[in-house]
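Here's the letter readout for the chains.
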Amino acid sequence: MALKKQFIKTKPVAKVTFSFEAKEATVASVIGDFNNWDPKAGELGKLKNGTFKGTFEVPTGASYEFKYLIDGAYVNESEADAFQFNAFAGAENSVLAL
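First, a word on scope: everything that follows refers to the structure included in this document. Small disclaimer: the values here were computed from a predicted structure and weren't measured.

### Concerning the pattern of salt bridges
And then number 1: For the structure on display, the rule yields 4 salt bridges.
And then number 2: Of the charged contacts in the structure, one is a salt bridge between lysine 23 and glutamate 21, with a shortest N-O distance of 3.9 Å.
And then number 3: Residue classification places lysine 23 among the exposed residues on the basis of a relative accessible area of 52%.
And then number 4: With a shortest N-O distance of 3.5 Å, glutamate 43 and lysine 40 are connected by a salt bridge.
And then number 5: Glutamate 43 gets classed as partly exposed once you look at its relative accessible area, which sits at 46%.
And then number 6: Looking at lysine 40, the relative accessible area reads 65%, which means it is exposed.

### Some remarks on the pairing of strand 1 (residues 2-7)
And then number 1: By the bridge criterion, 6 bridges tie strand 1 to strand 2 (residues 13-21) in an arrangement that is antiparallel. Bridge pairing in strand 2 links phenylalanine 7 to alanine 14.
And then number 2: With antiparallel pairing between neighbouring strands as the criterion, strand 1 and strand 2 make up a hairpin whose turn holds 5 residues.

Conventions and cut-offs
Residues numbered from 1 in each chain as written. Predicted model: local features only at pLDDT ≥ 70, side-chain atom pairs only at ≥ 80, totals over all residues. Heavy atoms only, no water. Salt bridge = Lys/Arg side-chain N within 4 Å of Asp/Glu carboxyl O. Buried < 20%, exposed > 50% of the residue type's maximum accessible area, 1.4 Å probe, protein only. Pairing = 2+ DSSP bridges. Helix = DSSP H or I, 4+ residues; strand = E, 2+ residues; numbered from the N terminus.

Encoded structure:
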């Protein structure tokens, strides 16, 4: 799994690229505070090598909880900036700090 941040000097956003390999999976999304936990808003494209990847503009100056939704299963990002327990989910979420 990988998380890449590119800060934009002219706007208060960062381009964040989420990617991970899941050759057997058919659909994947990144869901979190930055997109209202909406799988449609966080859809990732699948590359020929089996990697799911997507780049999104996320406002800077905050931290966001998120997870991957891979074929209906929730998965944390192993390279997240931190992990936070979420009482609503009853589990830890990945944290993206911008």
